[in-house]
Amino acid sequence: MVFGRRGERVVTLKGGEPDYRMLVEAMSEGAATLSSDGAVLYSNRKFAEMIRRPPGKVAGIAVHSLIEEKERGRFGTFLAMAQKGVAKGEFNLHSSDGSLVPVHLSMNRFQGYEGHALGMVVTDLSGQKLKQAEEMRQAETMNRLLLERAFTAQEEERHRIARELHDEAGQLLTSLLVGLRTLEDSRNVKDAKAQGHRLREITAQAIDELGRLARGLHPAVLYDHGLGVALSRYAAEYSKTHKITVDLTLGELDSCNLQPAVQIRLYRILQEALTNVARHAEAKAVSIVFSRSATALQVAVTDNGRGFDTKAVTVSSSRLGIPGMRERAAMLGGTVSFTSKGTGTRILVQIPITDQPDVQPAVRRTTI
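Keep in mind the model is a prediction, meaning the values are calculated, not measured. (Residues numbered from 1 in each chain as written. Predicted model: local features only at pLDDT ≥ 70, side-chain atom pairs only at ≥ 80, totals over all residues. Heavy atoms only, no water.)

Trainee: Describe the pattern of salt bridges, with residues and values.
Mentor: According to the stated counting rule, one finds four salt bridges in the structure shown. The closest approach of N and O atoms between arginine 74 and glutamate 71, which form a salt bridge, is 3.8 Å. On the accessibility criterion, arginine 74 (42% relative accessible area) is partly exposed. Glutamate 282 is the salt-bridge partner of arginine 306, the closest N and O atoms lying 3.7 Å from each other. In this pair, arginine 306 sits in the loop between β10 (296-303) and α10 (310-315) while glutamate 282 sits in the loop between α9 (260-281) and β9 (285-292), placing the two residues 24 residues apart along the sequence. Arginine 306 sits in the partly exposed class, given a relative accessible area of 48%. For glutamate 282, a relative accessible area of 62% gives the class exposed. (Salt bridge = Lys/Arg side-chain N within 4 Å of Asp/Glu carboxyl O. Buried < 20%, exposed > 50% of the residue type's maximum accessible area, 1.4 Å probe, protein only. Helix = DSSP H or I, 4+ residues; strand = E, 2+ residues; numbered from the N terminus.)

Have a look at this one:
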């Protein structure tokens, strides 16, 4: 049925109407024929189901009245656009039970009828919106977990600093205090000079220890000279402090042109890995090897210590700082994996890279 100068007319498809209606009724989307002012002339069952109305009660309803109130002004513009060509947009329709149904409307005039009839296809977006809502909920949950873990990591770092200050710097300062009291009781200048010399050595040790803690918190050399130099200096200091030999192979690290954010996160991952070796592995030696493929930078950290149960660590790994290592790698789009077979442990860090090296540099290797 269309409206024209001669009033209402019924237009058929010259014997093809049953087949046409069968096709439209079989659609998984809603379909309707509208008058030029947006009144429903015909709709399939799917559209009637969307707005929770019996199929026989849909004809004559103005689509404008189904549109959510705050969207009706936009729908008026949409309807005018459909009179000239294809119009597409998302709206919310009122159903008979009072709920809102998010839909995508695609509307166009019928060719040959001078814009007096419009065809409309309606896609129900309810499922899609519930997918988007679930994704948002999951993203919010993940952000909350990341924040909680970040706070946990901060507290663990503060606890580590406090312990090291107490165990190392605190003991040195206590020795310094005792030495100063002994200096007061010196019987002669010779004894006082000898005690003063010992106090200078203790003071130098305290300064070195505090400097080591400061460098661990903020590795200025990393920002000034890059990851390779920073790791070389850290490995040397680590070897001297813990009496563990470090074999550092930088390989093609310099060819990767890593951004500062990537460098600092890699540095922290390796710092945590070496800290675990010193605390838990009872190792005598550890190697760090950088390599790269066409798409990724790889770092393997291998020690000759006593190893651990990787399956148990998967369940509870906060003690080893493993969640922090994995999260830092994940922020770079990478992964951290662990392999341990009773003797020794291998940690493999993989970070995706996109740049290609212009020159293949010689492998740099340092044994400390």
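Having put the structure on the table, let's press on.
Trainee: So, the packing of aromatic side chains: which residues are in play, and what are the values?
Mentor: Within this structure, the stated rule accounts for five aromatic pairs. Put simply, the rings of Phe75, Phe78 and Phe91 touch in pairs and so form one group of aromatic residues. Directly above the ring of phenylalanine 91 sits arginine 74, whose terminal nitrogen or CZ lies 4.2 Å from the centroid. (Phe/Tyr/Trp six-rings, centres within 6.5 Å; stacked < 30°, edge-to-face > 60°. Lys NZ or Arg CZ within 6 Å of the ring centre and 35° of its normal.)

Trainee: An account of the sheet that holds strand β4 (residues 40-43) is requested, with residue identities and associated values reported.
Mentor: Here we have five strands laid out as an open sheet, ordered β4-β3-β7-β6-β5, and antiparallel in their pairing. In the strand order of this sheet, the two ends are held by β4 and β5 (87-94), each with one partner. On average, adjacent strands in this sheet sit at an angle of 30 degrees to one another, irrespective of strand direction. As paired elements, strand β3 (residues 30-35) and strand β7 (residues 117-124) share six bridges and run antiparallel to each other. Considered in β7, the bridge of alanine 32 is made with methionine 120. (Pairing = 2+ DSSP bridges. Axes fitted to C-alpha atoms, helices over the stretch in contact; angles between N-to-C directions.)

Trainee: Could you give an account of the packing of helix α8 (residues 227-242) against α9, with specific residues and numbers?
Mentor: Interhelical geometry of α8 versus α9 gives an angle of 15 degrees and a closest axis separation of 11 Å. On the basis of their axis angle, the class for α8 and α9 is roughly parallel. The handedness of the crossing between α8 and α9 comes out as right-handed. Across the interface between the two elements, Leu227, Ala230, Leu231, Tyr234, Tyr238 and His242 of α8 pack against Gln263, Leu266, Tyr267, Leu270, Gln271, Leu274, Thr275, Val277 and Ala278 of α9. Here the contact of α8 with α9 is composed, by residue class, of 11 nonpolar, four polar and no charged. (Parallel < 35°, antiparallel > 145°, perpendicular 65-115°, else oblique. Left-handed = near helix turned anticlockwise from the far one by under 90°. Contact = heavy atoms within 4.5 Å. Nonpolar A, V, L, I, M, F, W, Y, C, P; charged D, E, K, R; others polar.)

Trainee: Quick rundown of α9? Include the residues and the values.
Mentor: For α9, which comprises 22 residues, the first-to-last C-alpha distance of 30 Å matches the rise-based estimate of 32 Å (1.5 Å per residue) to within 8%. Positive phi shows up at glutamate 282, right after α9, with a value of about 55 degrees. (Expected span 1.5 Å × (residues − 1).)

Trainee: A description of helix α11 (residues 322-331) should follow, citing residues and the corresponding values.
Mentor: For α11, every residue scored as buried is listed here: Ile322, Met325, Glu327 and Ala329. One or two steps after α11, the chain reaches glycine 333, where phi turns positive at roughly 80 degrees.

Trainee: Could you give me a rundown of a nonpolar patch on the surface, with the residues and numbers involved?
Mentor: A grouping of Met142, Leu145 and Leu146 is seen on the molecular surface, where their side chains present a nonpolar patch of about 240 Å² in accessible area. By the element assignment, methionine 142 lies in helix α5 (residues 126-184). A relative accessible area of 46% means that methionine 142 is categorised as partly exposed. (Patch = residues over 30% accessible without salt bridge, like charges linked within 9 Å, V, L, I, M, F, W, Y side chains within 5 Å. Areas by Shrake-Rupley, 256 points an atom, 1.4 Å probe, with all protein chains shown as cover.)

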